[in-house]
Amino acid sequence: MTLNGRVFINLTSGTPNDARKAAQWVESMGADYLDGAIMGVPQMIGMSEALLFYGGSPKLFEAYEPLLKVFGGNTVFLSDDPGIPLLYDMALLTILYGAGEGLLHAHAMVSTANIPASQFQPYVAEWLTNVIVPSYASLDAVRAIETGEYATDVSNTKTNQLALGHIIKASKELDIPVEWLKPSKAVLDQLVDEGYSNDDPIRAFEIISPVRRKKHK
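Conventions adopted
Residues numbered from 1 in each chain as written. Predicted model: local features only at pLDDT ≥ 70, side-chain atom pairs only at ≥ 80, totals over all residues. Heavy atoms only, no water. Axes fitted to C-alpha atoms, helices over the stretch in contact; angles between N-to-C directions. Helix = DSSP H or I, 4+ residues; strand = E, 2+ residues; numbered from the N terminus. Parallel < 35°, antiparallel > 145°, perpendicular 65-115°, else oblique. Left-handed = near helix turned anticlockwise from the far one by under 90°. Contact = heavy atoms within 4.5 Å. Phe/Tyr/Trp six-rings, centres within 6.5 Å; stacked < 30°, edge-to-face > 60°. Buried < 20%, exposed > 50% of the residue type's maximum accessible area, 1.4 Å probe, protein only. Lys NZ or Arg CZ within 6 Å of the ring centre and 35° of its normal. Salt bridge = Lys/Arg side-chain N within 4 Å of Asp/Glu carboxyl O.

A. Focus on the packing of helix α3 (residues 84–111) against helix α4 (residues 117–136). The contact between α3 and α4 brings their axes to 10 Å, and the two run at 130°. Between α3 and α4, the angle is such that the two are oblique. Classified by chirality, the crossing of α4 by α3 is right-handed. For the pair formed by α3 and α4, the contact residues are Leu-103, Ala-106, His-107 and Val-110 on the first element and Ala-117, Phe-120, Gln-121 and Val-124 on the second.

Shown next as structure tokens:
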């Protein structure tokens, strides 16, 4: 069987390796392949702000870009590696689910004092807007990851270790599960034990990134 002259544009979900295997099979059949990731809910499809990532054949993307932009105006070609769009997808979803778990945990905490979610939520919005987003959405937030320079005079690892410890202790007292928080606490504990108490807690990247761990071996 051959697929000579055919074009495959895959927008289904999966892992980066799933996309690479699909690309290899399609290309072995004589067809061109483009893999994509839709970064939005179904209602956003066709809207100018809808973000879609693509990877694979640059020529194929260029040839079909007008069609692809029908699905979303914010259409981006990332790499000739067809696995990169799903890598971005998984990475961004990690942020989503981490934040979502934090939101539910926070509401669980205040609910133990019979505080309605609608009463607490305005402060969630203020916290996200004025503290979380400025802290994590700027290029400065990741500059330490690229440079490996983790000195800080703001909120160091020891401070965050203590804060997370208090959250876990309070949550246990309130009968709220804390299993999802324990790995983060363990990483901060390790950094403190290794003498990095005064560094930015983003130094944890050196522990969780397999690329950095290999460099340190």
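From this point, the discussion proceeds with the structure in view.
B. Up close: the packing of aromatic side chains. Throughout the structure, instances matching the rule amount to 3 aromatic pairs. When the ring of Phe-53 is compared with that of Tyr-88, the centres are 5.2 Å apart and the planes differ by 70°; the resulting orientation is edge-to-face. Taken as a pair, Phe-53 in strand β3 (residues 51–56) and Tyr-88 in helix α3 lie far apart in primary sequence, 35 residues in all. With 5.2 Å between their ring centres and 40° between their planes, Phe-61 and Phe-77 make a pair best called tilted. Linking Phe-61 in helix α2 (residues 58–71) with Phe-77 in strand β4 (residues 74–79), this pair joins segments that are 16 residues apart in sequence. Overall, the relative accessible area of 27% leaves Phe-77 in the partly exposed class. Over the face of the ring belonging to Tyr-196 we find Arg-203, whose NZ or CZ atom lies 3.9 Å from the ring centre.

C. Here's a closer look at the environment of Leu-87. Turning to its location among the elements, Leu-87 is positioned in helix α3. Overall, Leu-87 belongs to the partly exposed group, its relative accessible area being 43%. Residues Leu-87 and Pro-16 lie 71 residues apart in sequence; the distance between their C-alpha atoms is 5.5 Å.

D. Just the pattern of salt bridges, in detail. Summed over the entire model, instances satisfying the criterion amount to 8 salt bridges. Across the pair Lys-69 and Glu-65 runs a salt bridge whose closest N-O atoms are separated by 3.5 Å. One end of the pair, Lys-69, and the other, Glu-65, are both in helix α2, 4 residues apart, so they sit about a helical turn from each other. Take Lys-69: its relative accessible area is 39%, and that puts it in the partly exposed class.

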